[in-house]
Amino acid sequence: MRNIILFGPPGAGKGTQSAKLIEKYNLVHISTGDLFRMHIKEQTELGKRVKNLLDEGILVPDSITIDMLEEEVTKNPQASGFIFDGFPRTVAQAEALDKFLASKSSTISKVVQLDVNENELKRRIAERQKVSGRADDEADKLIKRIDEYFTKTIHVVPYYEQQKKVKLVDGIGDIDFIFGEICHAIETVK
Ligand code: ADP
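Residues numbered from 1 in each chain as written. Predicted model: local features only at pLDDT ≥ 70, side-chain atom pairs only at ≥ 80, totals over all residues. Heavy atoms only, no water.

Peer 1: Run through the site of the ligand, naming residues and quoting values.
Peer 2: Around the ligand, a shell composed of 19 residues is seen, among which T32, R37, I58, G86 and R145 lie nearest. One nitrogen or oxygen atom from the main chain of I58 is found 2.7 Å from an oxygen atom belonging to the ligand. Between the ligand and R134, the relevant distance is 3.4 Å, taken from an oxygen atom to a side-chain nitrogen or oxygen of the residue. Per-element accounting of the shell around the ligand gives the leading share, four residues, to helix 2 (residues 32–41). Tallied by class, residues from the shell around the ligand come to seven nonpolar, five polar and seven charged. (Near = heavy atom within 4 Å. Polar contact = N/O pair within 3.5 Å; in protein donor to acceptor, adjacent residues only side chain to side chain. Helix = DSSP H or I, 4+ residues; strand = E, 2+ residues; numbered from the N terminus. Nonpolar A, V, L, I, M, F, W, Y, C, P; charged D, E, K, R; others polar.)

Here you go:
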């Protein structure tokens, strides 16, 4: 199995690159942000519980997020691998994911960290807001999301560095060029 974590701050291009990766490697894409938005749209119980958190750009509690993620993986028993996009966002989530995959005799293959500086993130999300209309893309909510990233999520990197799984890829430049770099990172053994 090939299990890839696509890691990076809001606006780093995880969604764009995931779409290209699933096609090339025949993987199942799991975006926890997309799943939460789907629950909110369909007004499920889970959706009602998390709506305010998403609107404010605050992380959803680990237990809710982990349960949802595990359910989604379990729904795809035939998958030849997964791209985890927006998960794990805390060390507790990373530990839970490792345990869960181990229970299925599987593991994370690579963590691709997309590197984009804060000014470029703000510029991209301001652009995206014009078309997405996402409440959490508004300037003040975005500041909260970037803050959540740099206070909570960034600690996931050393967790996987200990396992020697992290590959840093420059996330600024031509989309296809970045895609090539990601593929290279995924395919190199070390
Ligand atoms: P971004 O475009 O900022 O990367 P996502 O679409 O991945 O955002 O996620 C949107 C929101 O969904 C987050 O701000 C957070 O409220 C919630 N969320 C998504 N994934 C997680 C997670 N792994 N843990 C906690 N909350 C999450």
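Having put the structure on the table, let's press on.
Peer 1: So what's going on with the packing of aromatic side chains? Residues and values would help.
Peer 2: Applying the stated criterion across every chain yields a total of four aromatic pairs. Ring plane angle 20° and centroid distance 5.8 Å describe the contact between F82 and F84, whose orientation is recorded as stacked. Since its relative accessible area comes to 2%, F82 is described here as buried. Their ring planes at 90° and their centres at 5.0 Å tell us that Y159 and Y160 sit as a pair that is edge-to-face. Both residues of the pair, Y159 and Y160, count as buried. The rings of F7, Y149 and F150 are connected pair by pair, giving a single aromatic cluster. Taking NZ or CZ as reference, K20 lies 5.2 Å from the ring centre of F179, over its face. (Phe/Tyr/Trp six-rings, centres within 6.5 Å; stacked < 30°, edge-to-face > 60°. Buried < 20%, exposed > 50% of the residue type's maximum accessible area, 1.4 Å probe, protein only. Lys NZ or Arg CZ within 6 Å of the ring centre and 35° of its normal.)

Peer 1: Outline the pattern of salt bridges, listing residues and values.
Peer 2: Counting across every chain of the model gives 16 salt bridges. For D34, the salt bridge goes to R37, with nearest N and O atoms at 2.9 Å. On the criterion of helical spacing, the pair formed by D34 and R37 is a turn pair, its members being three residues apart in helix 2. Ionic pairing is found between R145 and D137, a salt bridge with its closest N-O pair at 2.9 Å. As far as burial versus exposure is concerned, R145 and D137 are alike and both buried. When salt bridges with common partners are traced through the structure, they connect R128, R134, D136, D137 and R145 into a single cluster. (Salt bridge = Lys/Arg side-chain N within 4 Å of Asp/Glu carboxyl O.)

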